[in-house]
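The residues making up each chain are set out below.
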Amino acid sequence: MADLSNETREQVRARYAAAATAVTRGDRNALDVVDADQSCCAPTDNASCCGGTGEVDDAFGAALYSADEQGELPAEAVAASLGCGNPMMVAELHEGEKVLDLGSGGGIDVLLSARRVGSTGYAYGVDMTDEMLDLANANKAKAGATNVEFLKGTIEDVPLPDGAVDVVISNCVINLSTDKPAVLTEMFRVLVPGGRIGISDVVAEDHLTPADRAERGSYVGCIAGALSRGEYLDGLAAAGFIGAEVMFTHQAADGMHSALIRAVKPSAGA
């Protein structure tokens, strides 16, 4: 199982590295790269995951951000967007807060967060892909952001101390992890007591088995590795979160939805 997990992680890293390189060169947007090659698909050869049929493309990418939000950012940050939603809709960021984005990619959500928390706040991004980190730091420089730091690491082992941030966000990345309980545990660890999460992710309806999900799309295409709504809620509770909600927003594939997920770390003494 460990070898399979490592192989899957490397497939994800390689595909997203290629996406970052394409954006840096200016010849394609990131979504085109991730969605371009049927060789990434599940054994069923379901073209909807990455064959360019358009069945799931509308559920992903920069189009999920408003024109005003896109206008706040360098074009390369927008072109690198691979999310399935907009965590700004659920994170409810405030001036002075510290925010962490898991799987920060080209930096779109970190840069948007940095503007919302202001000069007294701070925004961190964690990503495992060197090419994405290079792109994110270039976008940081173009945006003139001084309250931003991009860190190399995995979302299963976040390079921040306990209680480092007020809010954890993520956009269509947790489904790519091969150890989701570790991700949820890390989110809980790095939050201050009373801190919260605002996540966008692909989530399956509860009646779909893992095999059903694999039939609908690839792992690297954000479909096969998705948790069900019940699995998400159970996982958040097991990690220690309270008040968890999983709200479907739009369909990503048959029985699979982009969703907004929120939960809270109990306050000290609660």
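Residues numbered from 1 in each chain as written. Predicted model: local features only at pLDDT ≥ 70, side-chain atom pairs only at ≥ 80, totals over all residues. Heavy atoms only, no water.

Chemist: Hey, could you run me through the overall build of the protein in this one?
Modeler: Along the protein, the regular secondary structure elements total 10 helices and eight strands. Sequence-distant contacts, at least 24 apart, represent 70% of the contacts inside the protein between residues at least 6 apart. Total accessible area on the protein is roughly 10,900 Å²; 50% of this is exposed by carbon and sulfur atoms. (Helix = DSSP H or I, 4+ residues; strand = E, 2+ residues; numbered from the N terminus. Contact = heavy atoms within 4.5 Å. Areas by Shrake-Rupley, 256 points an atom, 1.4 Å probe, with all protein chains shown as cover.)

Chemist: Just to check I follow, could you spell out the packing of aromatic side chains for this structure?
Modeler: What describes a pair of aromatic rings is the distance from one ring centre to the other and the angle between the planes of the rings. Applying the stated criterion across every chain, the model contains two aromatic pairs. Judged by centre distance (5.2 Å) and plane angle (90°), the rings of Phe188 and Phe241 are edge-to-face. Highlighted residues: Phe188 in helix H8 (residues 180-190) and Phe241 in the loop between helix H10 (229-239) and strand E7 (242-253), separated in sequence by 53 residues. For Arg229, the ring lying beneath its charged end belongs to Phe248, and the centroid distance is 4.2 Å. Its end group placed over the ring of Phe188, Lys265 keeps NZ or CZ at 4.7 Å from the ring centre. (Phe/Tyr/Trp six-rings, centres within 6.5 Å; stacked < 30°, edge-to-face > 60°. Lys NZ or Arg CZ within 6 Å of the ring centre and 35° of its normal.)

Chemist: How do you make sense of the environment of Phe248 when you look at a structure like this?
Modeler: Within the fold, Phe248 resides in strand E7. Sequence spacing of Phe248 and Ile261 is 13 residues, and the spatial spacing of their C-alpha atoms is 8.8 Å. Apart from the residues within four sequence positions on either side, Phe248 is in contact with Val203, Ala204, Glu205, Arg229, His257, Ser258 and Ala259.

Chemist: So what exactly am I meant to see when it comes to the confidence of the model for the protein here?
Modeler: Reading predicted coordinates in detail is not appropriate for stretches of low pLDDT. Of the residues in the protein, 69% reach a pLDDT of 70 or more, and the chain-wide mean stands at 79. No element of the protein has a lower mean pLDDT than helix H2 (residues 30-34), at 50, and none a higher one than H10, at 98. (pLDDT = per-residue confidence, 0-100.)

Chemist: How should helix H6 (residues 108-117) be read in this particular structure?
Modeler: Side chains three or four residues apart in an α-helix point the same way, a direct result of the helix having 3.6 residues per turn. H6 sits mainly inside the fold: eight of its 10 residues count as buried. Along H6, the positions that sit buried rather than exposed are Ile108, Asp109, Val110, Leu111, Leu112, Ser113, Ala114 and Val117. (Buried < 20%, exposed > 50% of the residue type's maximum accessible area, 1.4 Å probe, protein only.)

Chemist: Please clarify how helix H7 (residues 130-143) should be interpreted in this entry.
Modeler: The end-to-end C-alpha separation of H7 is 20 Å, in line with the 20 Å expected for 14 residues at 1.5 Å each. Along H7, the residues classified as buried are Met132, Leu133, Leu135, Ala136 and Asn139. Buried residues in H7, looked at end-on, bunch into an arc of 160°, giving them a common side. Summarising the geometry of H7, the exposed residues directed more than 90 degrees from the buried face are Asp134 and Ala141. Within two residues after H7, Gly144 carries a phi angle of roughly 70°, on the positive side. (Expected span 1.5 Å × (residues − 1). Arc of directions from axis to C-beta.)

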